Amino acid sequence: MGADFGRSRGSESKFSHWLRRRPKAQQSEVDDTAREALLLAVAEAGMPIAPAAHPVGYRCSCERMGCPTPARHPISFAWQTQSTTDRSQIERWARSQPQANFITATGMIHDVLDVPLSAGEQALERLLAAEIEVGPVARSGDDRMLFFTATRGTPEDEDEWWPCELDCHPETMDEHPGLRWHCRGSYVLLPPARLPGELDVRWVRGPENPLPDPLTLLETLTDACARFVGSAEQSDVDHESVAWPLSR
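If you're wondering where the values come from, they're calculated on a predicted model, not measured in any experiment.

Draft legend 1. Up close: the sheet that holds strand β8 (residues 180-182). Sheet architecture is open: six strands sit in the order β8-β5-β7-β6-β11-β10, paired in antiparallel fashion. The open sheet has two edge strands, β8 and β10 (193-195), and neither has a second partner. Neighbouring strand axes in the sheet, compared pairwise and without regard to direction, differ in orientation by 25° on average. Alignment of strand β5 (residues 110-116) against β8, held across three bridges, turns out to be antiparallel. By the bridge assignment for β8, D114 is matched with R180. The sheet contacts of helix α6 (residues 117-129) involve β5, β6 (137-140), β7 (144-150) and β11 (199-205), and relative to β7 the element is tilted by about 45°.

The structure is reproduced here in structure tokens:
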């Protein structure tokens, strides 16, 4: 499935379509042009962005020994205040840092529901079949799918809202193997981005799609994630049941 799934539904980004049709001889130039156009399209949708690290082989450009999130984190510690939708600033970043990835800061205009790839593909199929409005969707590496939604903001009944454990912060991502909800104080890597091991982050449904209310997607996504986690736990049990006699 992956990116091809969204394309089969007629939701392929016009930028991706344009890029694929360009002559190979112009590919390097087109890559830079398409990258900038995609970044500007995100900004035009109101989602603020900031420069991020990029891969250097299997290492991170930050040169931090044992970087826990290589090529997935902002360059600046001030990324929350640095993030912008200003066209001129984004053009300067894109042209002066041609290798840089970019992050988008969540919780201001948009949130991101971050789910395991297989769960996301199943959920996307169900949502489209039910004719539920789905906004931008990205595939991150070979294991996650990102659903971009309008932000839930800070509701007046904040104390009545669901547990904050659903809020995902960059430093707690490993603690949320199922659904991760990126909102206040978090960010996600933005397509197009390169990751170590020749992986990437790319749009399945582009930023031209309007941001939906997260609650319209939540039930389907949590159900798909529960199935994913349940199947992973069952796989572990099955593995242990097979391995146990061998250890006796």
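Let us keep going from here.
Draft legend 2. Just the sheet that holds strand β4 (residues 101-105), in detail. On the basis of which strands lie adjacent, the open sheet formed by three strands has the order β1-β4-β9 and antiparallel pairing. Strands at the two margins of the open sheet, each flanked by one partner only, are β1 (49-52) and β9 (187-190). Averaged over all pairs of adjacent strands, the angle between their axes in this sheet comes to 35°, without regard to strand direction. Bridging between β4 and β9 involves four bridges; their strand directions are antiparallel.

Draft legend 3. Examining the pairing of β4 more closely. Counted residue by residue, β4 has five buried out of five residues, so it is predominantly covered. Side chains N101, I103 and A105 project from β4 onto one buried face, and the interleaved F102 and T104 project onto a second face that is buried too. Two strands pair when backbone bridges link them, and β1 and β4 are joined in this way by four bridges, in the antiparallel orientation. Looking across to β4, one finds that P51 is bridged to F102.

Draft legend 4. Region of interest: the nonpolar core. V134 and F147 are the most contacted members of the largest nonpolar core, which totals 21 residues. Within the residue set of this core, elements represented by two or more residues are β5, α6, β7 and α7 (215-247). The leading source of residues in this core is α6, at six residues. In contact with F147, not counting residues within four places along its chain, are D111, V112, L113, V115, G120, L124, L127, V134, P136, V137, L217 and L221. By size, the runner-up hydrophobic cluster in this structure holds 19 residues, among which are L39, V42, A43 and M47.

Draft legend 5. Fine view of the environment of I90. Within the element layout of this structure, I90 appears in helix α5 (residues 87-96). The residues touching I90, leaving out its near neighbours within four places in the chain, are L39, L40, A43, I49, T84 and T85.

Draft legend 6. View of the confidence of the model for the protein chain. Confidence in the prediction for the protein chain averages 79 pLDDT; 70% of positions are at 70 or higher. Mean pLDDT across the elements of the protein chain ranges from a minimum in helix α1 (residues 3-8), with 40, to a maximum in β6, with 97. Scored below 50 in pLDDT, residues 22-30 makes four contacts in the model with residues more than four places away or belonging to other chains. Scored below 50 in pLDDT, residues 159-166 makes 10 contacts in the model with residues more than four places away or belonging to other chains.

Draft legend 7. The arrangement of the pattern of salt bridges in detail. Scanning the model with the defined rule gives eight salt bridges in all. For the salt bridge of E36 with R95, the shortest nitrogen-to-oxygen distance reads 2.7 Å. A residue pair is termed long-range when its members are at least 10 positions apart, and E36 in helix α3 (residues 27-44) and R95 in helix α5 qualify at 59 residues. Judged by relative accessible area, which is 13%, E36 ranks as buried. Accessibility expressed as a relative area gives 56% for R95, which makes it exposed. We note a salt bridge from R87 to E44, for which the minimum N-O separation is 3.3 Å. Placement of R87 in helix α5 and of E44 in helix α3 is noted, with a sequence separation of 43 residues between them. You can call R87 partly exposed: its relative accessible area is 46%. Residue classification places E44 among the exposed residues on the basis of a relative accessible area of 62%. Connected via shared salt-bridge partners are E44, R87 and E91.

How each quantity is defined
- Residues numbered from 1 in each chain as written.
- Predicted model: local features only at pLDDT ≥ 70, side-chain atom pairs only at ≥ 80, totals over all residues.
- Heavy atoms only, no water.
- Pairing = 2+ DSSP bridges.
- Helix = DSSP H or I, 4+ residues; strand = E, 2+ residues; numbered from the N terminus.
- Axes fitted to C-alpha atoms, helices over the stretch in contact; angles between N-to-C directions.
- Contact = heavy atoms within 4.5 Å.
- Buried < 20%, exposed > 50% of the residue type's maximum accessible area, 1.4 Å probe, protein only.
- Core = buried A, V, L, I, M, F, W, Y, C linked by side-chain atoms within 4.5 Å.
- pLDDT = per-residue confidence, 0-100.
- Salt bridge = Lys/Arg side-chain N within 4 Å of Asp/Glu carboxyl O.

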